[in-house]
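# A closer look at the structure
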Amino acid sequence: MLANIAILIGCFAVSVFCVYVMIRNAAALGLIQIPLGRSSHVKPTPAGGGVGIVIAACMAGFLLPGTTLSDLALLVLSLIIAVVGFIDDRNPLPARLRMAVQTVSVICVLLITQPVAVLSGGSNLILMPLLALLLLISGVWWINLFNFMDGIDGIAGQQAVTMMVSAMTLSFLQVPAALDQWPWWMMAIVAVATLGFLVFNWPPAKIFMGDAGSTFLGFIIVALAFQTLVQGWMTLPQWLLLSLLFATDATTTLIVRFLGADRLSQAHRAHAYQRLSRRFGGARPVSTAAFFINLLILLPLAMIVPQGFAGWCIVLIAYGLVILAVLAAGAGLPDDVSASPQAYRARCVRLNGRKPT
């Protein structure tokens with residue numbers, strides 16, 4: 001226990017140091033983000049701060065007592081994801097290449113952790129392939145949506161911290177022995193490494209996370225989620241509740257933009273959280289609100305959500321309510337268009353049968 005705590009303290013220090021080094025050397029590395037028309041920042045800002053999270057978390061994960069070959073494999077896969085993200089931060093890579101790396105990596109995680117057999121009961125030969133495909137698509141989508149949601153100061157960092165702290169709490173309450181296992185401490189490491197980054201990223205940010213950090217966090221959260229499901233520490237409805245804010249905003253925005261015949265690969269600032277940050281004068285109120293919603297509403301809800309049909313009903317109701325809130329904030333709409341049913345009807349040209357302009 002004392003050794004693990006010492007590793008956590010070292011992890012935080014390494015994260016802070018590495019992020020500081022990235023700030024000082026961002027220009028030399030070609031990692032300065034210049035404000036563009038679709039940007040949420042107004043002055044040139046260093047990027048790539050997520051490298052500090054990656055270095056600190058992976059070093060600490062390797063040093064944890066009881067690390068198995070499977071755990072090491074997950075860390076290596078997360079490093080691969082981060083390296084691809086860092087290269088993409090400097091010189092944009094083809095989307096197909098990034099998607100291929102992410103897909104193969106999630107397939108490897110599925111093979112290593114074996115959540116399909118646990119969730120399906122291991123007996124339904126028809127359900128297992130469908131569940132494997134669903135988990136694969138969900139895993140790849142989570143990596144990408146986590147990247148999409150890293151668009152204002154502090155938002156992605158707080159999400160990683162609150163999700164990890166919440167998952168640690170739920171795991172310990174369900175199985176106190178989880179405190180002795182590698183996945184539980186790895187969740188603590190991810191939270192602490194991200195806190196080191198948030199020292200510099202909380203609004204107003206001195207550095208941005210970049211794809212290296214956001215894709216790493218998205219991937220490691222998927223891997224740890226699969227491990228907790230297999231260990232019986234948490235249920236799928238609980239993870240869906242913890243991911244609710246990010247999942248609803250990113251998915252709803254994507255669907256609206258698809259129905260509006262937008263180029264989905266084109267950068268934008270039409271997410272609900274981005275529109276809210278402009279409405280309320282900056283990132284601080286939005287990131288702060290997300291932090292407290294995650295810890296004071298979604299975590300308690302995940303604590304009491306029952307298993308079975310009733311639990312899934314609660315998840316569906318929660319998602320439905322938040323999707324309505326996301327639409328009310330104008331997710332997917334242009335900057336100069338206020339949210340309304342009429343605006344969404346006009347936006348969805350694919351449903352209206354009109355050709356996109």
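What comes next concerns the included structure. Just so it is clear, the structure is predicted and the values come from calculations on it, not from any experiment.

### Quick word on the overall build of the chain
Per the secondary structure count, the chain includes 16 helices and two strands. Its C-alpha atoms give the chain a radius of gyration of 20 Å, within 12% of the compact-globule value 21 Å for 357 residues. In terms of overall dimensions, the chain has a C-alpha envelope of 55 × 55 × 40 Å along the principal axes. For the chain, the residues scored as buried account for 49% of the 357 residues in total. By sequence separation, contacts in the chain at least 24 residues apart represent 75% of the contacts at least 6 residues apart. Carbon and sulfur atoms make up 70% of the accessible area of the chain, which totals about 16300 Å².

### Quick word on the nonpolar core
Counting 100 residues, the largest nonpolar core has I189, F216 and W239 as its most contacted members. Among the elements that line this core, the one with the most residues is helix α8 (residues 182-201), at 13 residues. Once you skip the residues sitting within four places of it in the chain, F216 turns out to touch I53, V54, A57, C58, S78, I81, A82 and D211.

### Overview of the packing of aromatic side chains
Across all of its chains, the model carries five aromatic pairs by this definition. Centroid distance W184 to W185: 5.2 Å. Interplanar angle 75 degrees. Geometry classified as edge-to-face. This pair shows no difference in class: W184 is buried, exactly as W185 is.

### Looking at the layout of surface pockets
When its volume is computed, the second largest pocket comes out at roughly 660 Å³. The wall of the second largest pocket is formed by 26 residues, among which S138, W142, L236, L240 and S243 lie closest to the centre. Listing elements by their share of the lining of the second largest pocket, those giving two or more residues are α6 (127-148), α9 (210-231), α10 (236-242), α11 (244-259) and α14 (309-328). Taken together, the residues that form the lining of the second largest pocket break down as 20 nonpolar, six polar and no charged.

### As for α14
Along its 20 residues, α14 runs 29 Å from first to last C-alpha, staying within 8% of the 28 Å computed at 1.5 Å per residue. Those residues of α14 not exposed but buried are G311, V315, A318, Y319, V322 and V326. The buried residues of α14 occupy one face: seen down the axis, they fall within an arc of 100 degrees. With respect to the buried face of α14, the exposed residues turned more than 90 degrees away are F309, L316, I317, L321, L324 and A328. On its buried face, α14 is in contact with α10, α11, α12 (272-279), α13 (283-304) and α15 (341-347). A positive backbone phi angle near 95 degrees is found at G330, which sits one or two residues after α14.

### A short note on the pattern of salt bridges
Using the criterion set out here, one finds five salt bridges in the structure. A salt bridge links R269 to D335, with the shortest nitrogen-to-oxygen separation between them at 2.9 Å. Highlighted residues: R269 in the loop between α11 and α12 and D335 in the loop between α14 and α15, separated in sequence by 66 residues. Residue R269 is classed as partly exposed on the basis of its relative accessible area of 21%. Judged by relative accessible area, D335 falls into the partly exposed class, the value being 45%.

### What to know about the state of the cysteines
Scanning all chains against the criterion turns up zero disulfides. Not engaged in a disulfide, the cysteine C108 finds its nearest cysteine sulfur in C58; these two sulfurs lie 16 Å apart. Given the relative accessible area of 27%, C108 is considered partly exposed.

### Some words on unusual backbone geometry
In this model, P203 is joined to P204 through a cis peptide bond whose omega is -5 degrees. Turning to its location among the elements, P204 is positioned in the loop between α8 and α9. One non-glycine residue, Q114, lies in the positive phi region at around 60 degrees. With respect to the helices and strands, Q114 occurs in the loop between α4 (95-113) and α5 (115-120). We classify Q114 as partly exposed; its relative accessible area is 41%. For A261, which is not glycine, the phi torsion reads 65 degrees and is therefore positive. With respect to the helices, strands and loops of the structure, A261 is situated in the loop between α11 and α12.

Here is what the cut-offs are and how they apply
Residues numbered from 1 in each chain as written. Predicted model: local features only at pLDDT ≥ 70, side-chain atom pairs only at ≥ 80, totals over all residues. Heavy atoms only, no water. Helix = DSSP H or I, 4+ residues; strand = E, 2+ residues; numbered from the N terminus. Rg over C-alpha atoms; globule rule 2.2 N^0.38 Å. Buried < 20%, exposed > 50% of the residue type's maximum accessible area, 1.4 Å probe, protein only. Contact = heavy atoms within 4.5 Å. Areas by Shrake-Rupley, 256 points an atom, 1.4 Å probe, with all protein chains shown as cover. Core = buried A, V, L, I, M, F, W, Y, C linked by side-chain atoms within 4.5 Å. Phe/Tyr/Trp six-rings, centres within 6.5 Å; stacked < 30°, edge-to-face > 60°. 1 Å grid on protein atoms, 1.4 Å probe; cavity = no way out; pocket = protein on both sides within 12 Å on 5 of 7 lines; lining within 4 Å. Points joined across faces, edges and corners; volume = space filled by probe spheres on them. Nonpolar A, V, L, I, M, F, W, Y, C, P; charged D, E, K, R; others polar. Expected span 1.5 Å × (residues − 1). Arc of directions from axis to C-beta. Salt bridge = Lys/Arg side-chain N within 4 Å of Asp/Glu carboxyl O. Disulfide = S-S within 2.5 Å.

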